[in-house]
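Here is what each chain is made of, one letter per residue.
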Amino acid sequence: MVNCPAHQSGGDPDLRQFRYHTGAQPTRLAPDEPCPPLFRDLGFEAMSRFLRGDLKRLCGPLSPITYMRTADYVEPYTDYGQTGRVLMLAPETIIPWHSGVETVYIGPREIRVDYETMIFIPAEIPLKDAAERLSGTRTFSEAVEVLGAHYFQEARIETLVRLDHLQQTHNETERLAAPLRQRYQSLNSDEREAARDWMMRMGLTESDLSTAWHHLPDERREFVIQAVQEITEVNPC
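Each residue is numbered by its place in its chain's sequence as written, counting from 1. Local features in a predicted model are, by the rule used here, given only for residues with pLDDT of at least 70; side-chain atom pairs are given and counted only at 80 or more, and totals for whole chains, interfaces and linings are based on all residues. To obtain the side-chain values, all non-hydrogen atoms of the structure were used and water was disregarded.

Some points on the layout of surface pockets
Whether a set of points on the 1 Å grid over the protein atoms alone is a cavity depends on a 1.4 Å probe fitting there but being unable to get out, while an open set qualifies as a pocket with protein on both sides within 12 Å along at least five of seven lines; lining residues are those with an atom within 4 Å of a point. Grid points are joined across faces, edges and corners, and a volume is the space filled by probe spheres set on the points. One number sums up the size of the largest pocket: a volume of about 730 Å³. The wall of the largest pocket is formed by 27 residues, among which Arg40, Asp41, Leu42, Gly43 and Gly60 lie closest to the centre. Secondary structure elements are taken from DSSP: a helix is a run of H or I of four residues or more, a strand is a run of E of two residues or more, and numbering for both begins at the N terminus. Sorting the residues of the lining of the largest pocket by element identifies β4 (38–40), α2 (43–51) and β5 (65–69) as the ones contributing at least two each. Top element by residues in the lining of the largest pocket is α2. It accounts for 5 residues. Per-class residue counts for the lining of the largest pocket are 15 nonpolar, 4 polar and 8 charged. One number sums up the size of the second largest pocket: a volume of about 210 Å³. Residue lining of the second largest pocket: Arg69, Ala71, Tyr73, Glu75, Asp79, Gly84, Arg85, Ile121, Pro122, Ala123, Ile125 and Leu127, and that is the complete set. The classification used treats Ala, Val, Leu, Ile, Met, Phe, Trp, Tyr, Cys and Pro as nonpolar, Asp, Glu, Lys and Arg as charged, and all other residues, Gly among them, as polar. Classifying every residue of the lining of the second largest pocket gives 7 nonpolar, 1 polar and 4 charged.

See the structure below:
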């Protein structure tokens, strides 16, 4: 852990106003309060950009703040896409706050990606192990040395191949499913009912259309792809 003197920073933003978003009262870290290693889940699209070195900001496009979590946080989903996580090696530089929810921290929306103090953690490494192994490292090069340069590069390449496949299948599925989704969300009750009937016949659920692509099991993604392809072929809606 490192000390996070957020209260001393002249550029420290006031995040108390975001209680409506966190569901609890955000608070600054106390003077000299140890800050645990913090991780960020980027999702498969942003992670691909991070691994290629062209991601500019950690925050998602719709969130007013940047969420981070400790290694003890239990994710409410399974990352079947094995996208990995980003570890902040110098968390005090991003001025994290307690979100009001244990194991979850927040920062301002404007946090920029710093490739010198942030590192990709492959999905196969448990986050608690990563936090322990990289404790005390402050830079990307130091962390790569601990993980092993050859291993890290291989894991990066393998993850990029997996992410590119996820992106390709996601884009194609979104294109094919667009007419069905439009009718499922239509203001016209007859169109909605027709879409529901067809989804029921095909074995598709609302979750298939709304769950993050990498949170669906591999087998379910394959099923959804086949289903929307058949929808396109017969044009039921």
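Overview of the packing of aromatic side chains
Paired rings are identified among Phe, Tyr and Trp, the last through its six-membered ring, by centres lying within 6.5 Å, and are further divided according to the angle between planes into stacked (under 30 degrees), edge-to-face (over 60) and tilted (the rest). Under the counting rule described, the total for this entry stands at 4 aromatic pairs. Where Phe140 meets Phe152, the ring centres are 5.7 Å apart and the plane angle is 75 degrees; that geometry is what we call edge-to-face. Of this pair, Phe140 sits in helix α4 (residues 140–147) while Phe152 is found in helix α5 (residues 149–184), placing the two residues 12 residues apart along the sequence. Take Phe140: its relative accessible area is 29%, and that puts it in the partly exposed class. Categorising residues by exposure relies on relative accessible area from a 1.4 Å probe, with only protein chains included: less than 20% of the type maximum marks a residue as buried, more than 50% marks it as exposed, and the intermediate range marks it as partly exposed.

A word on the nonpolar core
In this structure, Phe50, Met118, Ile119 and Ile121 are the most contacted members of the largest nonpolar core, which totals 55 residues. In contact with Ile119, not counting residues within four places along its chain, are Phe50, Arg85, Val86, Leu87, Leu89, Leu134, Phe140, Ala143, Val144, Leu147 and Phe152. Buried Ala, Val, Leu, Ile, Met, Phe, Trp, Tyr and Cys residues that are joined via side-chain atoms within 4.5 Å together make up what is termed a nonpolar core. Core analysis: the second largest hydrophobic core is formed by 6 residues, Leu15, Phe18, Ile95 and Ile106 among them. Here, two residues are considered to be in contact whenever any of their heavy atoms come within 4.5 Å of each other.

Comments concerning the pairing of strand β6 (residues 85–88)
Judged by which residues are buried, β6 turns out to be covered on both faces: Arg85 and Leu87 on one side and Val86 and Met88 on the other are all buried. Two strands pair when backbone bridges link them, and β4 and β6 are joined in this way by 3 bridges, in the antiparallel orientation. Bridged to Phe39 within β6 is Leu87. Sheet analysis places β6 next to strand β9 (residues 118–121), joined by 4 bridges and oriented antiparallel. Two strands are said to pair when DSSP picks up at least two bridges between them.

A word on the environment of Ala227
Assignment of secondary structure puts Ala227 in helix α8 (residues 218–234). The exposure class assigned to Ala227 is buried, which follows from its relative accessible area of 2%. Separated by 152 residues in the primary sequence, Ala227 and Glu75 have C-alpha atoms spaced 29 Å apart.

A few points about the side chain of Ser186
Looking at where Ser186 falls in the secondary structure, it is placed in the loop between α5 and α6 (189–202). Take Ser186: its relative accessible area is 12%, and that puts it in the buried class. Those residues within four positions of Ser186 in sequence are excluded, and the remaining contacts are Glu191 and Arg192.

What about the environment of Ser135?
Within the fold, Ser135 resides in the loop between α3 (127–133) and α4. Accessibility expressed as a relative area gives 49% for Ser135, which makes it partly exposed. Considering only alpha carbons, one finds Ser135 and Tyr80, 55 residues apart in sequence, at a separation of 27 Å.

Thoughts on the environment of Tyr80
Here Tyr80 shows up in the loop between β5 and β6. Judged by its relative accessible area of 36%, Tyr80 is partly exposed. Through-space distance from the C-alpha of Tyr80 to that of Gln153 is 21 Å; in sequence the pair is 73 residues apart. Setting aside chain neighbours within four positions, we find Tyr80 in contact with His214, His215, Leu216, Pro217, Asp218 and Arg221.

Considering the packing of α4 against α5
Every axis corresponds to a line fitted to the C-alpha atoms, with the helix fit spanning only the stretch in contact, and the corresponding angles, defined between N-to-C directions, vary from 0 to 180 degrees. Axis separation between α4 and α5 bottoms out at 6 Å; the angle between their running directions is 100 degrees. Here α4 lies roughly perpendicular to α5, going by the angle between them. Only Ala149, Tyr151 and Phe152 of α5 make contact with α4, whose side of the interface consists of Phe140, Val144 and Leu147. Tallied by class, the residues present in the contact of α4 with α5 amount to 6 nonpolar, no polar and no charged. An angle below 35 degrees is treated as roughly parallel, one above 145 as roughly antiparallel, one from 65 to 115 as roughly perpendicular, and anything else as oblique.

Let's talk about the pattern of salt bridges
We count a salt bridge whenever a side-chain nitrogen from Lys or Arg sits within 4 Å of a carboxyl oxygen from Asp or Glu. Going through the model one piece at a time under the given rule, you end up with 14 salt bridges. For Asp164, the salt bridge identified is with Arg52, shortest N-O distance 2.8 Å. Here the residue Asp164 occupies a position in helix α5, and Arg52 occupies one in the loop between α2 and β5, the gap between them amounting to 112 residues. Residue class for Asp164 comes out partly exposed when judged on its relative accessible area of 34%. Using a relative accessible area of 43% as the deciding quantity, one classes Arg52 as partly exposed. Asp79 is paired through a salt bridge with Arg85; the nearest N and O atoms lie 3.2 Å apart. The pair Asp79 / Arg85 is uniform in exposure class, with both members buried. A network of salt bridges, in which partner residues are shared, links Asp41, Arg69, Glu75, Asp79 and Arg85.

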